[in-house]
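Structure at a glance
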Amino acid sequence: MLIHYISQYMEYLQIERGLAENTILAYRSDLYSLSDFLQIQGLDEICEIQRIHLNLYIKHLYDNKYTPRSITREIASIKGFFKWLSINDIIKHNPALAIEQPKLPKRLPKVLSMNEILDLLNSSMTLMDKAVLELLYAAGLRVSELVNIQANNIDLNAKYIRCIGKGSKERIVPIGNKACIALKKYYKEREYIIKKFNLSSKYCFIKENGKKLTRQDVYTFINSLGKKINKDISPHTIRHSFATHLLENGADLRVVQELLGHSDVSTTQLYTHISKKRLKEIYFSINK
């Protein structure tokens, strides 16, 4: 049965690939959706699935007004699953090999100016929120990396953090004085919370009620902070700004790639386009 193999594939992604829980949930949702469609077509045996059936599913997604980006993710999930089936000799032929990806328009991520970042950093906020914002901007962390970072993975004396990124890849990222100062102030509050609730939490960021900070908490905080400067922003906006500001100030592309934890430099190169676009805007604003 298809569901049986999907469950095995999820175990592989979790145990052997070490993918994040949210990534695994996305893969599972995509593949369950495919399974439901194929069952309606009378297909439940893995060996019966052919390229035409997968193409019909992709057509079904288009017919139901899925965006090109959503379809691209679905296809990536399908290709990964069938590649795993093929490698493990569960199927003789891989029907997903020739599926074509929809063409996606290149979208430049939102980036804040340095003055806007300073306005955010100078806003009134709690000690934990201040430490969160300083660390997001100082290290360019993904929100999942931030909420899962452990207190013993931050060395305030050496001024660096050790974080676990996508695919369980570890990287060392330096942090500046302001982030260290914000963390030291927050740690006093954290120590009080740990004693109050008799916690043994290893996580760096703990809320006043003793619970671990969540991704949604960070999204809500950053979004509300953005309203102060009339911007619709997310934690990823801070990460994009971190990378862009480094490149604008002369940082090497490969260094920024390492700091961001990108496996492919082509992903990091997107920020060079942002830098060029911003330089043009500045030039033409001066030379009107």
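Placed above this text is the structure.
As a starting point, this report considers the structure included with it. (Residues numbered from 1 in each chain as written. Predicted model: local features only at pLDDT ≥ 70, side-chain atom pairs only at ≥ 80, totals over all residues. Heavy atoms only, no water.)

Examining the pairing of strand S2 (residues 160–164)
Alternating residues of S2 divide into Ile161 and Cys163, all buried, and Tyr160, Arg162 and Ile164, none buried. Pairing of strand S1 (residues 154–155) with S2, which is carried by two bridges, proceeds in the antiparallel orientation. Each residue of the ladder has a partner; that of isoleucine 154, found in S2, is isoleucine 161. Where S1 folds back on S2, the antiparallel hairpin that results is connected by four residues, among which lysine 159 adopts a positive phi of roughly 60°. Between S2 and strand S3 (residues 170–174), which follow one another and run antiparallel, lie five residues, and glycine 167 among them has a positive phi close to 65°. (Buried < 20%, exposed > 50% of the residue type's maximum accessible area, 1.4 Å probe, protein only. Helix = DSSP H or I, 4+ residues; strand = E, 2+ residues; numbered from the N terminus. Pairing = 2+ DSSP bridges.)

Re the packing of aromatic side chains
Evaluated as defined, the whole model comprises nine aromatic pairs. Seen from their ring centres, tyrosine 9 and phenylalanine 81 are 5.4 Å apart, and the 55° between their planes marks the pair as tilted. Note that tyrosine 9 is positioned in helix H1 (residues 2–15) and phenylalanine 81 in helix H4 (residues 68–87), a separation of 72 residues in sequence. Considered together, tyrosine 9 and phenylalanine 81 belong to a single accessibility category, that of buried residues. Among the aromatic side chains, those forming a connected cluster through ring pairs are Tyr9, Tyr12, Phe81, Phe82 and Trp84. Positioned above the aromatic ring of tyrosine 203, the side-chain terminus of lysine 212 is 4.3 Å from the ring centre. (Phe/Tyr/Trp six-rings, centres within 6.5 Å; stacked < 30°, edge-to-face > 60°. Lys NZ or Arg CZ within 6 Å of the ring centre and 35° of its normal.)

A look at the nonpolar core
If you look at soluble globular proteins, the nonpolar side chains tend to sit buried side by side. Ranked by size, the top nonpolar core spans 46 residues in total, and within it Ile175 and Phe205 carry the most contacts. Among the elements of the structure, helix H5 (114–121), helix H6 (127–139), helix H7 (143–148), S2, helix H8 (177–196), helix H9 (215–226), helix H10 (235–248) and helix H11 (253–260) are those that each provide at least two residues to this core. Sequence-distant contacts of phenylalanine 205, defined by excluding residues within four places in its chain, comprise Met128, Ala131, Val132, Leu135, Leu146, Ile149, Leu183, Tyr186, Lys212 and Leu213. If you look at the next biggest cluster of nonpolar residues, it comprises 28 residues, including Met10, Leu34, Ile46 and Ile99. (Core = buried A, V, L, I, M, F, W, Y, C linked by side-chain atoms within 4.5 Å. Contact = heavy atoms within 4.5 Å.)

Overview of the side chain of histidine 53
Here histidine 53 shows up in helix H3 (residues 51–63). A distance of 2.9 Å separates a polar atom in the side chain of histidine 53 from the backbone nitrogen of glutamine 50. (Polar contact = N/O pair within 3.5 Å; in protein donor to acceptor, adjacent residues only side chain to side chain.)

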